[in-house]
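Below are the chains, spelled out letter by letter.
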Amino acid sequence: IELSRINRFAGTMILFWPFAWSLTMSALEFKIELFRYLQILAVGFAGAILLHSGGSMVIILTHSGGGCIWNDIVDCDLDAQVERTKVRPLPTGRITIPQALAFLAVHVGLIFWISQDLGSLAWWIVFSTVIPLAGLYPFMKRITYFPQIWLGVTLNAPILLPSAIFVSHISPSSKILALGGLTWTLWYDTIYACQDRQDDAKAGVKSITLLLDQRVKQGLGAFASVISFSWFMAGHLSGNGLFFLLVGAGGGSILLARDLLRTDVNNPKSCLRAFENNGFVIGPTVFVGFLADYLWKQRSMLQQLL
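Just so we're clear, the structure is a prediction, and the values are computed from it rather than from any experiment.

**Concerning the overall build of the chain**
Right, so step 1: Secondary structure summary: the chain contains 15 helices and zero strands in total.
Right, so step 2: Per-residue burial for the chain yields a buried fraction of 56% across its 306 residues.
Right, so step 3: Residue pairs at least 24 apart in sequence account for 72% of intrachain contacts in the chain once pairs closer than 6 positions are excluded.
Right, so step 4: Of the accessible surface of the chain, which amounts to about 13200 Å², a share of 67% is contributed by carbon and sulfur atoms.

Put into structure tokens, the structure is as follows:
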């Protein structure tokens, strides 16, 4: 449980929401019927659980394969130097590296099994996130101050999957939403890293948080602006209507502004609360906006058929 972070469900939901946004947006844009939409959504949620614990990102029938377990294996020496992470199973020796690798192998195997029937474009998106992106992410914090960008690409590749599955190409709306998803990762991971700034600096861990230093709030403000723009633009390009503009993009933007104003980046508890808000409040708010528009369009289509 501790190694896979199943008890930290905010992390799973943060992985799930970008895929759920994109799936719902693409289902409306490409007129996908409700049963198929719900089927893919359910498989994507299962993938999020598998890949938060065993891999490093989620996706519809696929995912990346390095996440929490792989990160803990690679970062065992660094985690032992950070107050918040030194009690994890690997630094304390309660689980050995071979045991963790065996646990990881089960998760990765399940992910590739789930994704075996995807089309070629979608499967390659999955493969690239599992092998080079997720696999190399833990090393990025040792060589660059921008590991969150690599993480953002890894975690948000699933945004490209729905259009790749439905129409075998990546739609402009999905590309814009993926940009927003990447920036959302920069937002919440920068906030999360504020908890460990002093320990990370001592351990030699690099991050955008340390690079921004006293300008973290300004950086977060810039990230929030890009995220908000991407939501509105993706909704416009995909044909979403008033529900999404008011509830999804509008409501999500207000929540970002609220957390930007009230989060104390020097207070670990405040940072953790703001991080978890992304999984439990901001993510679902944007999803509800997309979903309301999709269900309304489904209702209109059914009325026309009847």
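**Regarding unusual backbone geometry**
Right, so step 1: Positive phi, normally seen in glycine, also occurs at lysine 31, with a value near 55 degrees.
Right, so step 2: In this structure, lysine 31 sits in the loop between α1 (9-29) and α2 (34-53).
Right, so step 3: Lysine 31 sits in the exposed class, given a relative accessible area of 59%.
Right, so step 4: Positive phi, close to 65 degrees, is recorded for serine 168, a residue that is not glycine.
Right, so step 5: Within the element layout of this structure, serine 168 appears in the loop between α9 (161-167) and α10 (172-193).

**What to know about the pattern of salt bridges**
Right, so step 1: In the structure shown here, the tally under the stated rule is seven salt bridges.
Right, so step 2: With its nearest N and O atoms 3.4 Å apart, the salt bridge here joins arginine 88 to aspartate 72. Note that arginine 88 is positioned in the loop between α4 (76-79) and α5 (89-92) and aspartate 72 in helix α3 (residues 67-74), a separation of 16 residues in sequence.
Right, so step 3: The class of arginine 88 is buried, set by a relative accessible area of 16%.
Right, so step 4: The closest approach of N and O atoms between lysine 141 and aspartate 75, which form a salt bridge, is 2.8 Å. On the criterion of sequence distance, the pair formed by lysine 141 in helix α7 (residues 120-143) and aspartate 75 in the loop between α3 and α4 is long-range, its members being 66 residues apart. Each member of the pair, lysine 141 as well as aspartate 75, is classed as buried.
Right, so step 5: Residues joined in a network through salt bridges with shared partners are Asp75, Asp77, Lys141 and Arg142.

**Structural notes on the side chain of threonine 183**
Right, so step 1: Positionally, threonine 183 belongs in helix α10.
Right, so step 2: In this structure the side chain of threonine 183 is engaged in a polar contact, spanning 2.8 Å, whose partner is the backbone oxygen of leucine 179.
Right, so step 3: The residues touching threonine 183, leaving out its near neighbours within four places in the chain, are Phe223, Val226 and Ile227.

**Here's the deal with the nonpolar core**
Right, so step 1: Core analysis: the biggest nonpolar cluster contains 55 residues, and Trp17, Trp21, Leu177, Trp184, Trp187, Leu220 and Trp231 have the highest contact counts within it.
Right, so step 2: No other element matches α1, which puts 12 residues into this core.
Right, so step 3: Not counting residues within four places of it along the chain, the set of residues in contact with tryptophan 184 comprises Ile14, Trp17, Pro18, Trp21, Ile227, Asn278, Ile282 and Gly283.
Right, so step 4: Leu3, Ile69, Ile73 and Leu104 belong to the second-largest nonpolar core, a separate cluster that totals seven residues.

Criteria and thresholds
- Residues numbered from 1 in each chain as written.
- Predicted model: local features only at pLDDT ≥ 70, side-chain atom pairs only at ≥ 80, totals over all residues.
- Heavy atoms only, no water.
- Helix = DSSP H or I, 4+ residues; strand = E, 2+ residues; numbered from the N terminus.
- Buried < 20%, exposed > 50% of the residue type's maximum accessible area, 1.4 Å probe, protein only.
- Contact = heavy atoms within 4.5 Å.
- Areas by Shrake-Rupley, 256 points an atom, 1.4 Å probe, with all protein chains shown as cover.
- Salt bridge = Lys/Arg side-chain N within 4 Å of Asp/Glu carboxyl O.
- Polar contact = N/O pair within 3.5 Å; in protein donor to acceptor, adjacent residues only side chain to side chain.
- Core = buried A, V, L, I, M, F, W, Y, C linked by side-chain atoms within 4.5 Å.

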